[in-house]
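Listed below, chain by chain, are the residues.
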Amino acid sequence: MSFSARKQQGGYGGNGGGGGGYGGGGGYNQMQDGDSQYLEKSQKITSNIFTVSQNVAQLSKFSSYIGTSRDVPEMRERMHQLEESTRGIVKDTAHALKALSQMDGGAGGEARERRIQQDKLGRDFKSVLQKFQTASQVAVGKMRETVSRERAASNANAKHPGGGAGGGYGGGGGASNYGASQGDNERTRLIEQEHRDKQEMMGNQVDYSTSLITEREDAIADIESTMLEVNEIYKDLSTLVVEQGAALDNIEANMSMADSNVESGAAQLSTASRYQKKARNKACICLLIVAIILAILVVVLLTSLKKK
């Protein structure tokens, strides 16, 4: 059965073992507003990144078996399932990252903290995608080499199906010319049977090689299809990371402007306070001068009245 016939849609089997493995999600618990949906998605992305990393290591191990004695149907099936599982996790993680970037980031310091977190998740995901692509390219390369060897061997067998049996059969034909001997007839029958058995065995080998070549070519097509999808995701992710960086710069600029405004406001309040204090002092001096003038006038009036 070919890989394309066994292809499973949306396989997420590899996600089970890696769910809690990343552990680093604990660092994302410091959400100031308790947004459980945001926290859940960020932890899911973190876990998926770790799972993909584990799957890539396993794929690299399976790739080393290709073309060796350990290259058996069970190994090829497990490798196919792992490739499909990783493909599903990658698509799921890309969607989750996009959804995370569209959530409300909060205000002030929390928005900056979340943008920094999203930027780190995006970069970690890009890194593991590069490793996945590299492992897939290595697997495809080794499969192509194996297919070339198997096709060459199959063609050689097809050109020389009888092998050494043909000569034996010819000798048997000569022996059958004696015809009078029952032993010679038996020898001829055995040689003919051996010749047929070898032809059947060679035919079976050719059929098996053809089936194996078809299976490997289907596997190559599946992996290359996955690589194309991952490449598109990588491009979209690069755009998303750039947008997150721009948003982070904007948040930092706004925070810097807010700090500047606060400092400017404090300076203005300080200046206003000084002006107010000076105004009070001037008012007090004016009142004192008025009081002195009034006192002088009162003294002058009283003096004038006494003289009269």
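Thresholds, definitions, all that
Residues numbered from 1 in each chain as written. Predicted model: local features only at pLDDT ≥ 70, side-chain atom pairs only at ≥ 80, totals over all residues. Heavy atoms only, no water. Helix = DSSP H or I, 4+ residues; strand = E, 2+ residues; numbered from the N terminus. Buried < 20%, exposed > 50% of the residue type's maximum accessible area, 1.4 Å probe, protein only. Contact = heavy atoms within 4.5 Å. Areas by Shrake-Rupley, 256 points an atom, 1.4 Å probe, with all protein chains shown as cover. Core = buried A, V, L, I, M, F, W, Y, C linked by side-chain atoms within 4.5 Å. Salt bridge = Lys/Arg side-chain N within 4 Å of Asp/Glu carboxyl O. Patch = residues over 30% accessible without salt bridge, like charges linked within 9 Å, V, L, I, M, F, W, Y side chains within 5 Å. Expected span 1.5 Å × (residues − 1).

Draft legend 1. Region of the structure containing the overall build of the protein. Each helix and strand counted, the protein has seven helices and zero strands in total. The linear arrangement of helices and strands in the protein, starting from the amino end, is α-α-α-α-α-α-α. The proportion of buried residues among the 308 residues of the protein is 33%. Long-range pairs, those at least 24 residues apart, make up 85% of the contacts in the protein between residues at least 6 apart in sequence. Only carbon and sulfur atoms are counted for the fraction: they give 56% of the accessible area of the protein, which is about 18,400 Å².

Draft legend 2. Expanded view of the nonpolar core. Membership of the largest hydrophobic core comes to 35 residues, with the highest contact counts inside it found for I45, M79, V90, F125, L129 and M143. Of all the secondary-structure elements, those providing two or more residues to this core are α3 (36-63), α4 (73-101), α5 (109-159) and α7 (182-307).

Draft legend 3. Up close: the pattern of salt bridges. Using the criterion set out here, one finds 13 salt bridges in the structure. Between R76 and E215 there is a salt bridge, with the nearest N and O atoms lying 2.9 Å from each other. You can see R76 sitting in helix α4 and its partner E215 sitting in helix α7, a full 139 residues away along the chain. According to the relative accessible area criterion, E215 is buried, its value standing at 11%. Its salt-bridge partner being R151, residue E217 comes within 2.5 Å of it at the nearest N-O pair. In this pair, E217 sits in helix α7 while R151 sits in helix α5, placing the two residues 66 residues apart along the sequence. Taking relative accessible area as the criterion, E217 reaches 36% and is therefore assigned partly exposed.

Draft legend 4. Layout of a nonpolar patch on the surface. A cluster of nonpolar side chains, contributed by I285, I289, V290, I293, L294 and L297, occupies part of the molecular surface with about 540 Å² of accessible area. In this structure, L294 sits in helix α7.

Draft legend 5. Geometry of the environment of I220. Relative to the assigned elements, I220 resides in helix α7. C-alpha of I220 to C-alpha of R144: the two residues are 76 residues apart in sequence and 7.9 Å apart in space. In contact with I220, other than residues within four places in its own chain, are V140, M143 and R144.

Draft legend 6. Examining the environment of L129 more closely. The topology assignment puts L129 in helix α5. Owing to a relative accessible area of 0%, L129 belongs among the buried residues under this scheme. Remark: the alpha-carbon pair of L129 and S53, spanning 76 residues in sequence, is separated by 8.6 Å. Apart from residues lying up to four places away in sequence, L129 is in contact with V90, V230, I233, Y234 and L237.

Draft legend 7. Structural context of α4. Given a rise of 1.5 Å per residue, 29 residues ought to cover 42 Å, and the 42 Å separating the end C-alpha atoms of α4 matches this to within 8%. In terms of burial, α4 is a largely internal element, 21 of the 29 residues being buried.

In short, shape yes, function no, at least from these values alone.
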